[in-house]
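Residues per chain, in single letters:
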Amino acid sequence: MSTIEERLTEYYARLRARNLGPLWNSIGSIMTKEPKPHAVPYLWKWDEVAAFAMESGELVTPERGGERRVVFFSNPGCAHLEPSGWGSLTDTLYAGIQLLKPGEKAPSHRHNQSAIRFIVQGQGAYTIVEGERVYMEEGDFLITPAGLWHDHVHDGSEPMLWFDCLDIPMLYKLGAMFFEHYPEFNQPVTRPDNYSTLRYSAAGLRPIQDRHDHYAPQAVFKWRATKAALDNLSTLDADPFDAYAVEYVNPATGQAAGNTIGAMMQKLPSGHHTNAHRHVHSAIYHVFRGEGYSVIDGVKFEWKQGDTFCIPNWAWHEHVSTGAEDAFLFSTNDLPVMEALHLERAEAHPVGQQEVTGTFTA
Ligand code: GTQ
């Protein structure tokens, strides 16, 4: 007569062999008490990433085959999730730095991943989105919504670097990817240049044709307008957790401009120290201006202009601006998806700010 233990061992082996499994042994790891993302808090220094991006400019081209010349951020906690993990900065979001050199073109394609871009450096290049040339300048925020043709062309004289964020890991998990090339290298321009900026040039005013929901009517949000909004906002009281922050929204609907990808620009006045909180959604930060540090789950992440770091789901975080100038932090997140699925919640830190237990080194 065999014992229960012996029978179980043999039973598990038979289950496994038939591609079945016992829930009672895995429930604790698949239904955790709190969010336990694969992504870990991490930070990449601009000097290093920019040098790699520039070096890629000597090695590959964005012609067909290369498609897009991007060095992406690979979160060490996600890297084992091959193949979807290679491009994960958080569990749901991909981000990278794209280089386009003067005279270069990147081919037209479309996919049902959504993309947003934040222009880090340079000018003179434009992206063509569904027939509209959209010029890109430092500090601008652009959207490339799922399903729209897009290609990039650089007519200017200095290399352009921008930050891309896409919902690649999310769509991979959903098994919902489609991708196709436009039949020609670049799509034809069918609209006046900066068409969407001409249609949406003042906040709160919507062309009458967009009275009913309009898909992605505004392709670019210029830095000048974002900066003015934050300078006005920062004459008022600061939010305890985010100081002064504005979201990029679709002006026809008020929903996130990037549909599945939320994005905001946040101003931390010189010396400002926010309170800590945590939330279900994950976030990726790109430091546009200034210097300081963020405390993420007790660890100090020191940052300055150009650095990229992430806040995984449910990690405590607070931000401190230490430079003489105000800091401007651009960030993207998966909040729209968490909200759509009714999964979002947030919590203030019980004692306001965290105890610092260490400093991050890569
Ligand atoms: O510029 O279209 O970083 O298709 C990744 C995939 C950028 C783009 C990325 C893309 C693009």
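The model shown is predicted, which means the values in this text are computed figures rather than measured ones.

Visitor: Would you take a moment to explain a nonpolar patch on the surface for this structure?
Guide: Taken together, Ile4, Leu8, Tyr11 and Trp24 make up a surface patch of nonpolar side chains, about 400 Å² in accessible area. With three residues, the single largest contributor to the nonpolar patch is helix H1 (residues 4-17). Tracing the chain through its elements places tyrosine 11 in helix H1.

Visitor: Explain the site of the ligand here, please?
Guide: For the ligand, the full set of nearby residues is Arg68, Val70, Tyr94, Gln98, His109, His111, Arg117, His150, His152, Asp164 and Leu166. Within the side chain of arginine 68, one N or O atom sits 2.8 Å away from an oxygen atom of the ligand. A distance of 2.9 Å is found between an oxygen atom of the ligand and a side-chain nitrogen or oxygen belonging to histidine 109. Protein chains shield 90% of the accessible area of the ligand, which is 290 Å² for the free molecule. Among the secondary structure elements, those contributing two or more residues to the shell around the ligand are strand S3 (94-100), strand S4 (105-111), strand S9 (150-154) and strand S10 (160-166). Classifying every residue of the shell around the ligand gives three nonpolar, five polar and three charged.

Visitor: Any chance you could explain the pairing of strand S18 (residues 299-304) here in plain terms?
Guide: For strand S17 (residues 291-296) and S18, the ladder comprises six bridges, and the chain directions are antiparallel. Looking at S18, one finds that serine 294 is bridged to phenylalanine 301. Across two bridges, S18 lies against strand S23 (residues 358-359) in parallel orientation. Residue pairing across strands places valine 299 opposite glycine 358, the latter belonging to S23.

Visitor: Quick question: what am I supposed to make of the sheet that holds S9 here?
Guide: Strand pairing in a sheet takes place through backbone hydrogen bonds and is either antiparallel or parallel in direction. Taken in spatial order, the five strands line up as S7-S6-S9-S4-S11 in an open sheet, and their pairing is antiparallel. Taken across any chain shown, the strands that pair with only one partner, and hence form the sheet edges, are strand S7 (132-137) and strand S11 (179-181). Here the strands of the sheet are splayed against their neighbours by 30° on average, with no regard to which way each runs. Pairing between strand S6 (residues 123-129) and S7: five bridges, direction antiparallel. Within the sheet, the bridge partner assigned to threonine 127 lies in S7 and is valine 134.

Visitor: What am I meant to see in helix H6 (residues 223-233) here?
Guide: Working note: α-helix, 3.6 residues per turn, so residues spaced by three or four point in the same direction. Turning to H6, its buried residues number three or more, namely Trp223, Thr226 and Leu230. Each buried residue of H6 lies within a common arc of 65° when the element is viewed along its axis, so the set occupies one face. Turned more than 90 degrees from where H6 packs its buried face, Arg224, Ala225 and Asn232 sit exposed. Of the surrounding secondary structure, the elements contacted by the buried residues of H6 are strand S12 (220-221), strand S13 (244-247), strand S14 (262-268), strand S16 (283-289) and strand S21 (327-333).

Visitor: Mind showing me how you'd approach the pattern of salt bridges here?
Guide: Charged atoms that come close allow side chains of opposite charge to pair. Following the criterion strictly, the structure yields 15 salt bridges and no others. In this structure, glutamate 10 and arginine 14 form a salt bridge, with 2.8 Å as the shortest nitrogen-oxygen distance. With glutamate 10 and arginine 14 both in helix H1 and four residues apart, the pair spans about one turn of that helix. Using a relative accessible area of 40% as the deciding quantity, one classes glutamate 10 as partly exposed. Two residues, arginine 199 and aspartate 210, come together in a salt bridge whose shortest N-O distance is 3.0 Å.

Visitor: For this particular structure, what's the right way to read the nonpolar core?
Guide: Counting 51 residues, the largest nonpolar core has Phe141, Phe163, Tyr248, Met265 and Phe330 as the members making the most contacts within it. With five residues, the top contributor of residues to this core is S16. Discounting chain neighbours no more than four positions away, the residues touching phenylalanine 141 are Ile116, Arg117, Phe118, Ala219, Val220, Phe221, Tyr248, Ala257, Ala263 and Phe330. Formed by ten residues, the second largest nonpolar core is a distinct cluster that contains Ala125, Val134, Met160 and Val220.

Visitor: Honestly, the packing of aromatic side chains in this entry has me stumped. Any pointers?
Guide: Aromatic ring pairs are defined here through the distance separating the ring centres and the angle between the ring planes. This model, assessed by the stated rule, comprises 23 aromatic pairs. A ring pair is formed by tyrosine 126 and tyrosine 135, whose centres lie 5.1 Å apart and whose planes are at 55°; its orientation type is tilted. Judged by its relative accessible area of 28%, tyrosine 135 falls in the partly exposed class. Ring centres of phenylalanine 141 and phenylalanine 221 lie 5.6 Å apart, and the angle between their planes is 65°; this geometry places the pair in the edge-to-face category. Remark: phenylalanine 221 occurs in strand S12 and phenylalanine 141 occurs in strand S8 (residues 141-144); sequence separation between them is 80 residues.

Visitor: I would appreciate a short explanation of the sheet that holds S16 in the present structure.
Guide: Spatially, S1-S19-S16-S21-S14-S13 is the arrangement adopted by the six strands of the open sheet, whose pairing is antiparallel. Strands at the two margins of the open sheet, each flanked by one partner only, are strand S1 (42-44) and S13. Neighbour-to-neighbour, the strand axes of the sheet open up by a mean angle of 25°, direction not taken into account. Across the sheet, H6 is in contact with S13, S14, S16 and S21; its angle to S13 comes to roughly 140°.

The rules behind these values
- Every residue gets a number counted from 1 within its own chain, in the order that chain's sequence is written.
- For this predicted model, a pLDDT threshold of at least 70 governs which residues receive local features, and a threshold of 80 or more governs which side-chain atom pairs are given and counted, while totals over whole chains, interfaces and linings are taken from all residues.
- Only hydrogens and water are set aside; all other atoms, that is, all heavy atoms of the structure, feed into the side-chain values.
- Patch membership requires more than 30% relative accessible area and the absence of a salt bridge. Residues of like charge join within 9 Å; the nonpolar side chains Val, Leu, Ile, Met, Phe, Trp and Tyr join within 5 Å.
- Residue burial considers only the protein chains on display, and all accessible areas are found by Shrake-Rupley using a 1.4 Å probe.
- One speaks of a salt bridge when a side-chain nitrogen belonging to Lys or Arg is within 4 Å of a carboxyl oxygen belonging to Asp or Glu.
- The way it works is that DSSP assigns letters per residue, a run of H or I at least four long becomes a helix, a run of E at least two long becomes a strand, and they are numbered from the N terminus.
- Throughout this document, a residue counts as near a molecule or strand when at least one of its heavy atoms sits within 4 Å of that molecule or strand.
- Pairs of N or O atoms within 3.5 Å make up the polar contacts considered here, provided that, within protein, one atom can donate a hydrogen while the other can accept it, and that residues adjacent in sequence are counted only when both atoms are side-chain atoms.
- Charged residues are taken to be Asp, Glu, Lys and Arg, nonpolar residues to be Ala, Val, Leu, Ile, Met, Phe, Trp, Tyr, Cys and Pro, and polar residues to be all remaining types, Gly included.
- When DSSP finds two or more bridges between a pair of strands, those strands are recorded as paired.
- Axis lines are fitted through C-alpha atoms, for helices just across the contact stretch, and the angle between N-to-C directions can take any value from 0 to 180 degrees.
- For every residue, the accessible area (1.4 Å probe, protein chains only) is compared with the maximum for its type, and the residue is labelled buried under 20%, exposed over 50%, or partly exposed between those bounds.
- Of all possible arcs, the one meant is that of the directions from the helix axis to the C-beta atoms.
- Contact criterion: two residues are considered in contact whenever any of their non-hydrogen atoms come within 4.5 Å of each other.
- Among buried residues, the Ala, Val, Leu, Ile, Met, Phe, Trp, Tyr and Cys ones that are joined through side-chain atoms within 4.5 Å form a nonpolar core.
- For Phe, Tyr and Trp, where Trp contributes only its six-membered ring, two rings pair if their centres lie within 6.5 Å, and the inter-plane angle classes them as stacked under 30 degrees, edge-to-face over 60, or tilted in between.

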